[in-house]
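Descriptive structure summary
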Amino acid sequence: MVAFKRKPVMGSGGHTNPLVWLAAIICTIFAIAMIVAGIMMFIGYIMVHPRVPIISVTSAHLDLLRNDYAGLLQTQLSIVVTAYNGNAKAHAKFSKMTFSLSFQGRVIAVLVADSFDVPKNSSNVLRYVVQSSSIPLTPDQMEKVDESWKRNEIGFDFKGAGRTRWKVGPFGSVKYSCHLNCYLKFRPLNGSYIPSKCSSKSK
């Protein structure tokens, strides 16, 4: 089988078609523009030294914990979530913030926050008061609550996610998704919070 080589597109007189030259010039300009944009972004990072904004549980309190012989649990918690923007030269925006509080796998409440801005090198505080209705417990869960009273320690799962965005000078903006997955522990006898590291991770 004979193979044929394809000849370059030629115009009249055996010269390369002007459209081919035009396409080559456009591709070259586009490639140069992408390289310049990458260099500018790199310079912006060096100048601004960006830090990923984070969310953290900074304090909490167990306002109420009551269970009865019928297997019903009532609780109320106060939770303070702080959004930090450690960038000294850029404002940050937090959006789509959603948190869930659960006990023994049962969701007690879903907490949300409207979009908000945090000035450069600053923070913003979100205060939540979560009051549950009577939560029916299984015999195993009732036993665990009784053990928590005896140990004077009880825990709740607190998970959340949101998006952060901040500008890197005139060079564009950076976006991240932040995820929070914590286990909040309290002393049921006085409601005090047992401090533990609870900060978001970025993806």
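Above this text sits the structure in question.
Let me begin by describing the structure that accompanies this report. None of these values were measured; they are calculated from a predicted model. (Residues numbered from 1 in each chain as written. Predicted model: local features only at pLDDT ≥ 70, side-chain atom pairs only at ≥ 80, totals over all residues. Heavy atoms only, no water.)

With that settled, the discussion passes to the overall build of the protein. On a plain count of helices and strands, the protein comes out with two helices and eleven strands. In sequence order, the secondary structure elements of the protein are arranged as α-β-β-β-β-β-β-β-α-β-β-β-β. A buried classification covers 33% of the 203 residues belonging to the protein. Looking at the protein alone, contacts between residues at least 24 apart form 66% of all its contacts between residues at least 6 apart. (Helix = DSSP H or I, 4+ residues; strand = E, 2+ residues; numbered from the N terminus. Buried < 20%, exposed > 50% of the residue type's maximum accessible area, 1.4 Å probe, protein only. Contact = heavy atoms within 4.5 Å.)

All chains considered together, the criterion is met by one disulfide. One disulfide bridge connects C182 with C198, the sulfur atoms lying 1.9 Å from each other. Sign of the S-S torsion, about 100° for the bond between C182 and C198, identifies this disulfide as right-handed. Of this pair, C182 sits in strand β9 (residues 173-186) while C198 sits in the loop between β10 (193-194) and β11 (201-202), placing them 16 residues apart in sequence. Taking relative accessible area as the criterion, C182 reaches 7% and is therefore assigned buried. Note on C198: relative accessible area 2%, which makes it buried. (Disulfide = S-S within 2.5 Å.)

The subject of this paragraph is a nonpolar patch on the surface. A surface patch of nonpolar side chains, amounting to about 310 Å² of accessible area, comprises L19, L22 and I26. Position of I26 among the secondary structure elements: in helix α1 (residues 18-48). (Patch = residues over 30% accessible without salt bridge, like charges linked within 9 Å, V, L, I, M, F, W, Y side chains within 5 Å. Areas by Shrake-Rupley, 256 points an atom, 1.4 Å probe, with all protein chains shown as cover. Salt bridge = Lys/Arg side-chain N within 4 Å of Asp/Glu carboxyl O.)

As for its placement among the helices and strands, H179 is situated in strand β9. What makes H179 partly exposed here is its relative accessible area of 33%. Here the alpha-carbon distance between H179 and I54, two residues 125 residues apart in the chain, equals 9.0 Å.

By the bridge criterion, twelve bridges tie strand β1 (residues 54-67) to strand β2 (residues 72-85) in an arrangement that is antiparallel. Looking at the pairing, I54 lines up with Y84 of β2. What sits between the antiparallel neighbours β1 and β2 is a turn of four residues, in which G71 has the positive phi angle 85°. (Pairing = 2+ DSSP bridges.)

This part covers a negative patch on the surface. Together, D140, E143, D146 and E147 make up a region of like negative charge exposed at the surface. Tracing the chain through its elements places D140 in helix α2 (residues 139-151). Exposure remark for D140: the relative accessible area of 54% places this residue in the exposed category. (Lys, Arg positive; Asp, Glu negative; His and termini not counted. Charge placed at Lys NZ, Arg CZ, Asp CG, Glu CD.)

This part is about the pattern of salt bridges. Within the structure shown, the criterion is met by one salt bridge. E153 is the partner of R187 in a salt bridge, and the nearest nitrogen-oxygen pair spans 3.6 Å. One end of the pair, R187, is in the loop between β9 and β10; the other, E153, is in the loop between α2 and β8 (154-167), with 34 residues separating them in the sequence. Here R187 falls in the partly exposed class, since its relative accessible area comes to 30%.

Quick look at the packing of aromatic side chains now. Enumeration over the complete set of coordinates arrives at six aromatic pairs. Ring geometry for F99 versus Y128: centroids 6.0 Å apart, planes at 65°, classification edge-to-face. Of this pair, F99 sits in strand β3 (residues 92-103) while Y128 sits in strand β6 (residues 122-131), and the two are 29 residues apart along the sequence. Classification of F99 by relative accessible area gives buried; the value is 1%. Since its relative accessible area comes to 12%, Y128 is described here as buried. Between F156 and F186, the aromatic rings sit 6.0 Å apart at their centres with planes inclined by 75°, giving edge-to-face as the arrangement. Taken together, the positions of F156 in strand β8 and F186 in strand β9 put the pair 30 residues apart, joining distant regions of the chain. Across this residue pair, the class does not change: F156 and F186 are buried. Clustering of aromatic rings is evident, with ring pairs tying together F103, F156, F186 and Y193. (Phe/Tyr/Trp six-rings, centres within 6.5 Å; stacked < 30°, edge-to-face > 60°.)

Everything listed here is a matter of geometry and, on its own, says nothing about what the molecule does.
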